[in-house]
Amino acid sequence: MQLTKAIITAMKQEADLIIKKYNLKEVKEDKIPNTIKIFIGERKNYDEDCTDKIVLVLAWIGKIQAAMATTYLLENYDINKLINIWIAWNLCNNDVKIWDVFIANTFMQHDMYLPFEWEHLDYAKKPIFLDYAIWENYDLQKFWLILSWVCLTWDQFIDDELKVKEHREKFSADIIEMEAFAILSVAKAYDILDKCVVIKAISDWADTNAKEAHMDNLEFAMENSISVLELVI
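None of the values given here were measured: they were computed from a predicted structure.

*Asks:* What's the story with the overall build of the protein chain in this structure? I'm lost.
*Replies:* A count of helices and strands for the protein chain gives six helices and 13 strands. Its C-alpha atoms give the protein chain a radius of gyration of 17 Å, near enough to 17 Å, the size a compact globule of 233 residues would have. For the protein chain, the spread of C-alpha atoms along the principal axes amounts to about 50 × 45 × 35 Å. Sorting the 233 residues of the protein chain into buried and exposed places 53% on the buried side. Residue pairs in contact within the protein chain that sit at least 24 positions apart in sequence constitute 75% of those at least 6 positions apart.

*Asks:* Any chance you could explain helix H2 (residues 63-76) here in plain terms?
*Replies:* Since the α-helix packs 3.6 residues into each turn, any two residues three or four apart lie on the same face. Over its 14 residues, H2 runs 20 Å from end to end, which matches the ideal 20 Å to within 8%, given 1.5 Å per residue. Of all the positions in H2, only Lys-63, Gln-65, Ala-66, Ala-69, Thr-70, Tyr-72, Leu-73 and Leu-74 are classed as buried.

*Asks:* Help me understand the pairing of strand E5 (residues 81-90), please; the structure alone is not making it clear to me.
*Replies:* Within a regular strand, side chains alternate between the sheet's two faces. Burial analysis of E5 places ten of its ten residues in the buried class, which makes it a mostly covered element. Summarising the sheet, E5 and strand E13 (residues 196-204) pair through eight bridges and their orientation is parallel. Pairing of Ile-85 across the sheet is with Ile-199, part of E13.

*Asks:* Could you clarify how one ought to interpret the packing of H2 against helix H5 (residues 180-189) in this entry?
*Replies:* How two helices sit against one another is set out by the angle between their axes and by the gap between those axes. With their axes 8 Å apart at the nearest point, H2 and H5 run at an angle of 35° to one another. With respect to the hand of their crossing, H2 and H5 are arranged in right-handed fashion. Two secondary-structure elements touch here, H2 through Lys-63, Ala-66, Ala-67, Thr-70, Thr-71 and Leu-74 and H5 through Ala-182, Ile-183, Val-186 and Ala-187. Each residue belonging to the contact of H2 with H5 can be placed in one class, and the counts come to seven nonpolar, two polar and one charged.

*Asks:* Can you help me understand the pairing of strand E3 (residues 37-45) in this one?
*Replies:* Bridging between strand E2 (residues 25-27) and E3 involves three bridges; their strand directions are antiparallel. For Lys-25, the partnering residue across the bridge sits in E3 and is Ile-40. Pairing of E3 with strand E4 (residues 50-58), which is carried by nine bridges, proceeds in the antiparallel orientation. Each residue of the ladder has a partner; that of Lys-44, found in E4, is Thr-51.

*Asks:* Which parts of the structure should I look at to understand the pattern of salt bridges?
*Replies:* Pairing is possible between side chains of opposite charge, provided their charged atoms come close. Across all of its chains, the model carries six salt bridges by this definition. Residue Asp-52 is joined to Lys-5 by a salt bridge in which the shortest nitrogen-to-oxygen separation is 3.2 Å. Placement of the pair is Asp-52 in strand E4 and Lys-5 in strand E1 (residues 2-9), with a sequence separation of 47 residues. Judged by relative accessible area, which is 0%, Asp-52 ranks as buried. Since its relative accessible area comes to 6%, Lys-5 is described here as buried. A salt bridge links Lys-200 to Glu-177, with the nearest nitrogen and oxygen atoms 2.9 Å apart. You can see Lys-200 sitting in strand E13 and its partner Glu-177 sitting in strand E12 (residues 175-177), a full 23 residues away along the chain. With respect to class, Lys-200 is no different from Glu-177; both count as buried. Where salt bridges share partners, they join Lys-5, Arg-43, Asp-52 and Glu-230 into one cluster.

Scoring rules and cut-offs
- Residues numbered from 1 in each chain as written.
- Predicted model: local features only at pLDDT ≥ 70, side-chain atom pairs only at ≥ 80, totals over all residues.
- Heavy atoms only, no water.
- Helix = DSSP H or I, 4+ residues; strand = E, 2+ residues; numbered from the N terminus.
- Rg over C-alpha atoms; globule rule 2.2 N^0.38 Å.
- Buried < 20%, exposed > 50% of the residue type's maximum accessible area, 1.4 Å probe, protein only.
- Contact = heavy atoms within 4.5 Å.
- Expected span 1.5 Å × (residues − 1).
- Pairing = 2+ DSSP bridges.
- Axes fitted to C-alpha atoms, helices over the stretch in contact; angles between N-to-C directions.
- Left-handed = near helix turned anticlockwise from the far one by under 90°.
- Nonpolar A, V, L, I, M, F, W, Y, C, P; charged D, E, K, R; others polar.
- Salt bridge = Lys/Arg side-chain N within 4 Å of Asp/Glu carboxyl O.

So this is what it looks like as structure tokens:
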């Protein structure tokens, strides 16, 4: 029996690390949307005594790309686990350090506003919950693995301390990023939320120095997130 583990990431830098780690090869087919890239390989699964098929999607940045990549995966592969891995901005407090890694369990979409309380709009307005991350935090020596916190998704790079304060107060969010809610919305529509894990490493504080800090911390944040990927895959 072969299990299929799918990974969605937004940036080439992290995709390259995952491609190297699992010796993945790019798949080129006419049916693949030209705005995403697919890489496939195998990994020995000693826990299940089988071989995992690894499918990596380089989706690029933002909710539209994330939703497109997730839909393609679920229409073309029988997925046993769906993992979103990338970086996030820290909204919480000084207890969280740059390069710490989150596996959040509550996801909200920030930049959707509809002044109606109609049930058929719940898909856009209500939080999405994952049971996977309800554990204790772990000290992994180089960084902390933080669980059971709140992740906010929106389609903007955040480098504004006033917005950080606003998001923290309005949504009680701990981190913010640009893909997870879209991925989980599609997964929810396909009834596979129980197979989903979201891994986000902290790259910066979302302040006026975020652009430079983001790039300076990118490599270390990605390495830590991939260390956690190996634990959950």
